[in-house]
Amino acid sequence: RGADGSVSINVSGMPNVGRAGAPRLLKTLRQTLQQFDLDVTISPGQDDLGEDAKLACGESAYVVQVVTTPAEKSLWRNVAGGVERRTTAEGATRWLDEVIRTKAKRIPDSERAHTLLAIDARHVGVLSEDALMHGYIERHGQPTAVHGFASVWIVGPTVRHCKRLGCGSP
């Protein structure tokens, strides 16, 4: 994060995003939820039903949908030689909004209340900074209220960089 508030990412090599990165992302999410003394289990979802994973938290059950940000496909295809992206703080909140809106369009309204959206930000963990998360909510509103998800989580590279975006359950 630059002194001017800008956000930059620099990725090279093979970045375990998408299905390849889901197990690690889910482990970080589970560890984070357990820090809140929640009884959490995560199990494989049914791919033919569009489930990336299932999450049980106490008596409640959720479908976990995983999406990677930034959503720029060319970034992840061309990353082997090294790729850098730089944007403003507002641009970073647009990265989040783009993936949230896109996923919301693909999930029926009736299913979103039981869907936990996990945004894979392991390569751009700075998105979990409080200032950026507050900026998102100021510009785009609470993702649970606007899109109807049970909760939206930004999952960075470590538990410290894994935070719920706004309100929600769990």
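Everything that follows concerns the structure shown earlier in this document.
Model, not experiment: these values are computed from the prediction.

*Asks:* Would you take a moment to explain the overall build of the protein chain for this structure?
*Replies:* Looking only at helices and strands, the protein chain features six helices and eight strands. Sequence-ordered secondary structure for the protein chain, helices as α and strands as β, is β-α-β-β-β-α-β-α-α-β-α-α-β-β. Summarising the internal contacts of the protein chain: among those between residues at least 6 apart in sequence, 68% fall at separations of at least 24. Entry remark: accessible area of the protein chain is about 8700 Å², with carbon and sulfur atoms responsible for 47%.

*Asks:* Sorry, what's going on with the side chain of T144 here?
*Replies:* In this fold, T144 is placed in helix 6 (residues 143-147). Overall, the relative accessible area of 15% leaves T144 in the buried class. Each residue touching T144, except ones within four places of it in the same chain, is listed here: F149, A150, S151, C167 and G168.

*Asks:* Sorry if this is basic, but what is going on with the nonpolar core here?
*Replies:* Soluble, globular proteins show a tendency: their nonpolar side chains are buried together. In this structure, I100, I119 and L127 are the most contacted members of the largest nonpolar core, which totals 22 residues. For this core, the elements supplying multiple residues, two or more each, are helix 3 (89-106), strand 6 (115-120), helix 5 (130-140) and strand 7 (151-155). Excluding its chain neighbours within four sequence positions, the residues that come into contact with I119 are L25, V67, T69, L96, V99, I100, V152, W153, I154 and V155.

*Asks:* It is not clear to me how the packing of helix 3 against helix 5 should be interpreted in this structure. Could you clarify?
*Replies:* In a packed pair of helices, the relevant descriptors are the angle between the two axes and the axis-to-axis distance. In contact at an axis separation of 9 Å, helix 3 and helix 5 are set at 65° when each is read in the N-to-C sense. Looking at the two axes, helix 3 sits roughly perpendicular to helix 5. Viewed along their axes, helix 3 and helix 5 form a crossing whose handedness is right-handed. Of the residues in helix 5, those in contact with A89, E90, A92, T93, R94, L96, D97 and I100 of helix 3 are L132, G135, Y136, R139 and H140. Partitioned by chemical class, the residues of the contact of helix 3 with helix 5 number six nonpolar, three polar and four charged.

*Asks:* Which parts of the structure should I look at to understand helix 1 (residues 22-34)?
*Replies:* One turn of an α-helix holds 3.6 residues; hence residues three or four places apart share an orientation. Relative to the 18 Å expected for 13 residues at 1.5 Å per residue, helix 1 spans 18 Å between its end C-alpha atoms, a close match to the ideal helical length. Those residues of helix 1 that fall on the buried side of the exposure criterion are A22, L25, L26, T28, L29, T32 and L33. Viewed end-on, helix 1 has its buried residues packed into an arc of 160°, placing them on one side of the element. In helix 1, the exposed positions angled more than 90 degrees off the buried face are occupied by P23 and R24. On its buried side, helix 1 packs onto strand 2 (40-44), strand 3 (53-57), strand 4 (60-68), strand 6, strand 7 and strand 8 (162-164).

*Asks:* Please clarify how the side chain of H140 should be interpreted in this entry.
*Replies:* Here H140 lies in helix 5. In terms of polar contacts, H140 uses its side chain to reach the side chain of D97, at 3.5 Å. Non-local contacts of H140, meaning those with residues more than four positions away in its chain, are made with T93, R94, D97 and V146.

*Asks:* In this structure, what is going on with the environment of V67? I would like to understand it.
*Replies:* Take V67: it is sitting in strand 4. In contact with V67, not counting residues within four places along its chain, are V99, K103, L117, A118, I119 and D120.

Procedures and definitions
- Residues numbered from 1 in each chain as written.
- Predicted model: local features only at pLDDT ≥ 70, side-chain atom pairs only at ≥ 80, totals over all residues.
- Heavy atoms only, no water.
- Helix = DSSP H or I, 4+ residues; strand = E, 2+ residues; numbered from the N terminus.
- Contact = heavy atoms within 4.5 Å.
- Areas by Shrake-Rupley, 256 points an atom, 1.4 Å probe, with all protein chains shown as cover.
- Buried < 20%, exposed > 50% of the residue type's maximum accessible area, 1.4 Å probe, protein only.
- Core = buried A, V, L, I, M, F, W, Y, C linked by side-chain atoms within 4.5 Å.
- Axes fitted to C-alpha atoms, helices over the stretch in contact; angles between N-to-C directions.
- Parallel < 35°, antiparallel > 145°, perpendicular 65-115°, else oblique.
- Left-handed = near helix turned anticlockwise from the far one by under 90°.
- Nonpolar A, V, L, I, M, F, W, Y, C, P; charged D, E, K, R; others polar.
- Expected span 1.5 Å × (residues − 1).
- Arc of directions from axis to C-beta.
- Polar contact = N/O pair within 3.5 Å; in protein donor to acceptor, adjacent residues only side chain to side chain.

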